[in-house]
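The primary structure of each chain is shown beneath.
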Amino acid sequence: MTINNPYGWIDNGKVIRITQEAYDSILAQAKSDAPIESCGYALGVTDEDGETLITENYRLTNIDHAEEHFSLDPKEQFAAIKYARTNKLKVIGNWHSHPASPSRPSEEDKRLAFDPNILYLIMSLAPAESGLPYITDNSQPVLNAFQIRDGEVERLGVIVK
């Protein structure tokens, strides 16, 4: 695969969908936790055609309480998985915020992306710092989804439904 942009990822043409409610929940959490990085699990469903829909944000605590990295609370992770199973959902991926940087994986994000089967979502609260392709017409926060395998990054489009 060829990287065709200066951001270090491949745009693979795939998309995922997220409900407005789940998107709003992620954004509200990211804003309330700023300037600390916020984090959580994106829960949802994948249908028989392979279409993914994120339906819920499961809030997790950044136990590092840091502005430039995060660590998930293992007890909360187990509770999230139990909640997902009980509600017939699956963990689509994890997400974290970048309060003052672009919606793209940092080198640390790539290094810590251990599961190639989930998505890694990043909510940037600072799109003006990002430049294209992040900035929106009215400088709204930006949510991108990525698959990361062996340090290689593929970006998926995110559609709020």
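What you are looking at is a predicted structure, and each value in this text was computed from that prediction instead of being measured. (Residues numbered from 1 in each chain as written. Predicted model: local features only at pLDDT ≥ 70, side-chain atom pairs only at ≥ 80, totals over all residues. Heavy atoms only, no water.)

1. Some points on helix H2 (residues 74-86)
Selection rule: In this description a helix means any DSSP run of H or I spanning at least four residues, a strand means any run of E spanning at least two, and both kinds are numbered starting from the N terminus. For a helix, the expected span equals 1.5 Å multiplied by the number of residues minus one. Counted as a polar contact is a pair of N or O atoms within 3.5 Å, where, for protein atoms, one must be capable of donating a hydrogen and the other of accepting one, and residues adjacent in sequence contribute only when both atoms are in side chains.
If you check H2, its first and last C-alpha atoms are 18 Å apart, about what 13 residues at 1.5 Å a residue would give, namely 18 Å. Between the side-chain oxygen of the N-cap and the backbone nitrogen of lysine 75 there are 2.9 Å, and the N-cap of H2 in question is aspartate 73. Note on H2: the residue one or two positions beyond its end, lysine 88, has a positive phi of about 55°.

2. Regarding the pattern of salt bridges
Basically, it comes down to this: Salt bridges are defined by distance alone: a side-chain nitrogen of Lys or Arg within 4 Å of a carboxyl oxygen of Asp or Glu. Residue burial is assigned from relative accessible area. The probe radius is 1.4 Å, only protein chains are included, and a residue is buried under 20% of its type maximum, exposed over 50%, and partly exposed in between.
In the structure shown here, the tally under the stated rule is four salt bridges. Here glutamate 51 ties to arginine 17 by a salt bridge, and the two come within 3.2 Å at their closest N and O atoms. Taken together, the positions of glutamate 51 in the loop between strand S2 (39-46) and strand S3 (52-60) and arginine 17 in strand S1 (residues 10-18) put the pair 34 residues apart, joining distant regions of the chain. For arginine 17, a relative accessible area of 29% corresponds to the partly exposed category. Where glutamate 154 meets arginine 149, a salt bridge forms, and the shortest distance between an N and an O atom there is 3.9 Å. Accessibility expressed as a relative area gives 13% for glutamate 154, which makes it buried.

3. Brief notes about the sheet that holds strand S6 (residues 142-149)
Condition: Note on pairing: DSSP must find at least two bridges between two strands before they are called paired. The axes are straight lines fitted to the C-alpha atoms, using for helices just the contacting stretch, and the angles between their N-to-C directions are given from 0 to 180°. Whether two residues are in contact is decided by their heavy atoms, any of which lying within 4.5 Å being enough.
Strand order in this closed barrel of seven strands is S1-S3-S2-S4-S5-S6-S7, and the pairing throughout is mixed. Going from strand to strand, the sheet's axes swing by 40° on average, the running direction of each strand aside. Here helix H1 (residues 20-33) sits on the sheet in contact with S1, S2, S3, strand S4 (90-98), strand S5 (119-124), S6 and strand S7 (152-160), set at roughly 30° to S3. Relative to the sheet, H2 contacts S2, S3 and S4, its axis offset from that of S3 by approximately 145°.

4. Some words on H1
As a reminder, the rule being used: By definition, the arc is the one covered by directions from the helix axis to the C-beta atoms.
Taking 1.5 Å of rise per residue, 14 residues should cover 20 Å, and H1 covers 20 Å from first to last C-alpha, within 8% of that figure. Inspection of H1 places Ala22, Tyr23, Ile26, Leu27, Gln29 and Ala30 among the buried residues, and these make up the whole buried set. Viewed end-on, H1 has its buried residues packed into an arc of 160°, placing them on one side of the element. For H1, the exposed residues set more than 90 degrees away from the buried face come down to Glu21, Lys31 and Ser32.

5. Digging into unusual backbone geometry
In this chain, alanine 34 is followed by proline 35 through a cis amide linkage whose omega measures 10°. The backbone phi angle of aspartate 150 is positive, close to 50°, even though this residue is not glycine. Position of aspartate 150 among the secondary structure elements: in the loop between S6 and S7.

6. Some details on the environment of glutamine 20
Locating glutamine 20 in the fold gives a position in helix H1. For glutamine 20, a relative accessible area of 40% corresponds to the partly exposed category. When sequence neighbours within four positions are dropped, the list of residues in contact with glutamine 20 reads Val160 and Lys161.

7. Overview of the confidence of the model for the protein
We apply this condition: Looking at any residue, its pLDDT shows the predictor's confidence there, from 0 to 100.
Looking at the protein, pLDDT values average 88 and 87% of them are 70 or higher. Low pLDDT, under 50, characterises residues 130-137; the predicted model gives this stretch 18 contacts beyond four residues in sequence or across chains.

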